[in-house]
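# Examination of the molecular architecture
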Amino acid sequence: MNINEAYNFLSFISNKNQSGTPTPIQFNQMASRAQWEFFEKEYLKWQQTQDVTDALAIFLTSLSTSVSVTGKLSYPSDYEHASSMRHYFVKQNNQGIEVPVIEVDNNKYADYVESEIVTPTLRAPIFTAYSTYIQFAPYNIGQATFDYFRTPKEPIWAYTTVNNRPVYDPINSIDWELPNQCHNQLIFMMASYLGINLREQDLIQYSEIQKQEQR
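A brief report on the enclosed structure follows. (Residues numbered from 1 in each chain as written. Predicted model: local features only at pLDDT ≥ 70, side-chain atom pairs only at ≥ 80, totals over all residues. Heavy atoms only, no water.)

### Digging into the overall build of the chain
When its secondary structure is counted, the chain shows 6 helices and 10 strands. On C-alpha atoms alone, the chain measures out to a radius of gyration of 24 Å, which is more than a quarter above the 17 Å that the 2.2 N^0.38 rule sets for 215 residues. Counting all 215 residues of the chain, 39% fall into the buried class. Looking at the chain alone, contacts between residues at least 24 apart form 65% of all its contacts between residues at least 6 apart. By element, 48% of the accessible surface of the chain is carried by carbon and sulfur atoms, the whole surface being about 12,700 Å². When the 15 basic and 23 acidic side-chain charges of the chain are each reduced to a single mean position, those positions are 4 Å apart. (Helix = DSSP H or I, 4+ residues; strand = E, 2+ residues; numbered from the N terminus. Rg over C-alpha atoms; globule rule 2.2 N^0.38 Å. Buried < 20%, exposed > 50% of the residue type's maximum accessible area, 1.4 Å probe, protein only. Contact = heavy atoms within 4.5 Å. Areas by Shrake-Rupley, 256 points an atom, 1.4 Å probe, with all protein chains shown as cover. Lys, Arg positive; Asp, Glu negative; His and termini not counted. Charge placed at Lys NZ, Arg CZ, Asp CG, Glu CD.)

### Details of the nonpolar core
Ranked by internal contacts, the top residues of the largest apolar core, which has 28 residues, are Phe27, Phe38, Trp176, Leu178, Leu186 and Met190. When contributions to this core are tallied by element, the ones reaching two or more residues are helix H1 (3-16), helix H2 (24-49), helix H3 (54-57) and helix H5 (183-193). Here this core gets 8 residues from one element, more than from any other, and that element is H2. Judged by nonpolar contacts, the second largest core, of 12 residues, contains Val101, Phe136, Ile141 and Phe146. (Core = buried A, V, L, I, M, F, W, Y, C linked by side-chain atoms within 4.5 Å.)

### Some details on H1
A rise of 1.5 Å per residue sets the reference length of H1, with its 14 residues, at 20 Å; its end C-alpha atoms lie 20 Å apart and thus fit the reference within 8%. Counting buried residues in H1 gives 10 out of 14 residues, a clear majority hidden from the surface. Among the residues of H1, Ile3, Asn4, Ala6, Tyr7, Phe9, Leu10, Ser11, Phe12, Ile13 and Ser14 are the ones counted as buried. The N-cap of H1, judged by a side-chain oxygen 3.0 Å from the amide nitrogen of Asn4 a few residues on, is Asn2. (Expected span 1.5 Å × (residues − 1). Polar contact = N/O pair within 3.5 Å; in protein donor to acceptor, adjacent residues only side chain to side chain.)

### A short note on the side chain of Ser11
Looking at the element boundaries, Ser11 is found in helix H1. Excluding residues that lie within four positions of it along the chain, Ser11 makes contacts with Thr21 and Pro22.

### Points about the sheet that holds strand E1 (residues 60-66)
The antiparallel open sheet is built from 4 strands, whose spatial order is E1-E8-E3-E4. Across the chains shown, the open sheet's two edge strands, defined by having one partner strand only, are E1 and strand E4 (96-100). In this sheet, adjacent strand axes meet at a mean angle of 25 degrees when their direction is disregarded. When strand E3 (residues 79-90) meets strand E8 (residues 143-150), the two strands line up antiparallel, connected through 6 bridges. Across the sheet, Ser84 pairs through a bridge with Asp147, a residue of E8. Packed onto the sheet, H2 meets E3 and E8 and runs at close to 45 degrees relative to E3. (Pairing = 2+ DSSP bridges. Axes fitted to C-alpha atoms, helices over the stretch in contact; angles between N-to-C directions.)

Next comes the structure, spelled out in structure tokens:
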């Protein structure tokens, strides 16, 4: 379902329930909020199971990047949640292996750095996360591969105004990024924002009525 189909469908449902047709601005706000809530729900599942669902996989991004000599790495502009960190370690025989970079809590970072027993090395590096950057130890880690979940792009039902009415603009519109199998759930969520309680059967019936009326 593209964003225009979603707009028409939600308008149809709200009119049938006498809730009033949402304005384009209201629709875009609800579409964005629904996608965001769905994204966060899928991320919570990942935290509990470490299984990346089909819906969440769309947002999983891998970034290979250089780390500054201070061991600091700024977050990517589209960063939302961390998944994992890796580092390519070159052994004495010039053979390289990819090793994990272990995340530690802020309050334990200094203990690791100052420890004579578990001192971070290029073979066993660590990092800790702050609000605006990631701090590595040792500083000279050089290169790191950061897997993270990016921020979903804002869905937009763009329009032009014709005879004081909004008309869909497909060129400037942006669809949901979530796969089609998630769209019914997004419609449920948006309907709930309007105070409409839907069941799956309701959605099927509305869909069939709408198809008949469009013929």
